[in-house]
Amino acid sequence: MSTDSYEDALKKLGELLTKKSDLGNVAAAKIKQLTSELEELDSSKIDSVERIKSGFNHFKTHNYEKNPSLYSALAKSQSPKFLVFACADSRVCPSHILNFQLGEAFIVRNIANMVPPYDKTKHCNIGAALEYPVTVLNVESILVIGHSCCGGIKGLMAIEDDAAPFKSEFIEDWIQICASAKNKTRQDCKDLSFDDQCTNCEKEAVNVSLGNLLSYPFVRERVVKNKLAIRGAHYDFVKGTFDLWELDFKTTPAFALS
Amino acid sequence: MATDAYEAAIKGLKDLLSKKADLGNVAAEKIKELTQELKELDSSNSDAVERIKSGFTHFKTQKYLKDSARFNDLAKGQSPKFLVFACSDSRVCPSHILNFQPGEAFVVRNIANMVPPFDQKRHSGVGAAVEYAVVHLKVENILVIGHSRCGGIKGLMSIEDDAAPTKSDFIENWVKIGASARNKIKEEHQGLDDEAKCTECEKEAVNVSLGNLLSYPFVRAEVVKNTLAIRGAHYNFVKGTFDLWELDFKTTPAYAFS
């Protein structure tokens, strides 16, 4: 679709070439290159924009407009019962695998579904993502879901030892949050294949994250009051299974030793 | 379900009460309270477990088993075209609002869908997710989706000034990633009411994130080659609308001054 600025630009180019005709071949080559770039740009752009547009239309007609009372209630506020940590992996969205409808679950997604320990400097991302649902939305359950064939866990298992230099700018530093899971797996599962070790590590890393949840005082105080349940899970999309387990945490009343 | 530990505890209590009969009423009260707590715990726990179980069963029967070709392929690897940043808010999951199917989109979700600037110390989580998606999965598109009634943006707009002491452990420090958006809105839209200011800030904060994406060298490298497109969006669930815009970024060839 031509525009004024395009016509104008072509006109100026034409004027230049009448004055400097020796530039003709150079100009021709550059215009061919430009046309080719525009062609490639255009078709993939159109595909992506179309995909986004048709996706939203599908949601609007099949879901949003069919549930007006749900969506007007949600427009006012949310009160999800679940806080879910899931991997950013395209295959494991909790809305699909656990059929969560809009409004049910506050969802945090990152590489390898990790919860780092309390750290205001290094991890204010997860700190904020925990603080809001726990202290403001008062969720009742936290669920951390690991999964099969996790690229982040595979990367963690491939790190040679804790002192090995990093090959990536961010990934290794992030996945080292669960270094203790890697070390435990290497010790306990020496005889398993690499793939089986990874599966073990995927589950053990969830346990590391569950433990890290307790390093947040606002989580701990609700867990001991039984207002917040903590669970881990592993979704295996190769076998089509979902394992769920709980974290029991409490402190007993103190005995006074006098 | 009684257990040995429970039987032993009851016996211990009975022994105590036979020696100190005056404690009978106190003990009775405490036992009623405990029973009530256990009932509540039990029902909310079993509700949550039931919800997770039925959710997975629904996914397995309605999707996983019905589309085995797709899930077999996905079990071998993922090749999503999109990297999506969305808020953790329970009302805005991209799988719903854009109808993304498993395998289509690598999704990162955090408070207020923020992309912080490159920072290996303070922001390894987002850095790792962008690095993995862009460098390893080679996604073609990054889409950052803001939304209406965002609690994180509302929190950002409520921060009095940049030097105000924080009231939360983490939330304010995280949402301050968007501080320049807040400042811009406060300057340019003084006449709007609070809700309208928040809406403008939701969109401007997306622009801050789009700019921050360019602080990652591996993102910039793909954008200038036209192999990666960057877009912002705003989903308004009050009105049922979805706005989409693009980020154009390129550097021109340099002029040589001699």
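Residues numbered from 1 in each chain as written. Chains lettered and ligands numbered in written order. Predicted model: local features only at pLDDT ≥ 70, side-chain atom pairs only at ≥ 80, totals over all residues. Heavy atoms only, no water.

**Q** Let's hear about the side chain of serine 90 of chain B: which residues, and what values?
**A** Following the sequence through the fold, serine 90 of chain B ends up in the loop between strand E1 (82-87) and helix H4 (94-97). A polar side-chain atom of serine 90 of chain B sits 2.7 Å from a polar atom in the side chain of glutamine 78 of chain A. Residues in contact with serine 90 of chain B, not counting those within four places in the same chain, are Gln78, Pro80, Leu102, Gly103, Glu104, Ala105 and Phe106 of chain A. (Helix = DSSP H or I, 4+ residues; strand = E, 2+ residues; numbered from the N terminus. Polar contact = N/O pair within 3.5 Å; in protein donor to acceptor, adjacent residues only side chain to side chain. Contact = heavy atoms within 4.5 Å.)

**Q** Can you tell me about the UniProt feature "binding site: Zn(2+)" (unreviewed entry) in chain B, naming the residues and giving the values?
**A** Residues and elements named next belong to chain B. This chain's UniProt record puts "binding site: Zn(2+)" (unreviewed entry) on Cys87, Asp89, His147 and Cys150. Despite a sequence span of 64 residues, these residues sit close together in the fold, their greatest C-alpha distance being 9.1 Å. Mapped onto the secondary structure, cysteine 87 falls in strand E1. When neighbours within four sequence positions are excluded, cysteine 87 is seen to be in contact with Val92, Arg109, Asn110, Ile111, Ala112, Asn113, Ile145, His147 and Cys150. Secondary-structure assignment places histidine 147 in strand E3 (residues 141-147). (UniProt positions renumbered as here; feature names shortened; annotations may be inferred.)

**Q** Break down the nonpolar core for me, with residues and values.
**A** Side chains of nonpolar character tend, in soluble globular proteins, to be buried together. Formed by 141 residues in total, the largest nonpolar core has its most connected members in Leu130 and Val219 of chain A together with Val219 of chain B. The contact partners of leucine 130 of chain A, leaving out residues within four places of it in the chain, are Leu83, Phe85, Val115, Ile142, Leu213, Tyr216, Phe218 and Val219 of chain A. (Core = buried A, V, L, I, M, F, W, Y, C linked by side-chain atoms within 4.5 Å. Buried < 20%, exposed > 50% of the residue type's maximum accessible area, 1.4 Å probe, protein only.)

**Q** Can you explain helix H6 (residues 151-158) of chain B? Please cite residues and give values.
**A** All names here are of chain B. Residues of H6 that are buried: Gly152, Ile153, Leu156 and Met157. One side of H6 holds all its buried residues, which, seen down the axis, span an arc of 135°. Residues of H6 that are buried sit in contact with helix H7 (171-175), helix H8 (179-188) and helix H9 (194-213). (Arc of directions from axis to C-beta.)

**Q** Now, about the pairing of strand E4 (residues 229-236) of chain B: what can you tell me, with residues and values included?
**A** Residues and elements named next belong to chain B. Among the eight residues in E4, seven count as buried, and that is most of the element. Relative to E4, E3 runs parallel, the two sharing seven bridges. Pairing of asparagine 141 across the sheet is with alanine 229, part of E4. As paired strands, E4 and strand E5 (residues 241-247) are joined by seven bridges and run antiparallel to one another. Each bridged residue has a counterpart across the sheet, and for asparagine 236 the counterpart in E5 is threonine 241. Linking E4 back to E5 in an antiparallel pair, the connection comprises four residues, with glycine 240 at a positive phi of about 75°. (Pairing = 2+ DSSP bridges.)

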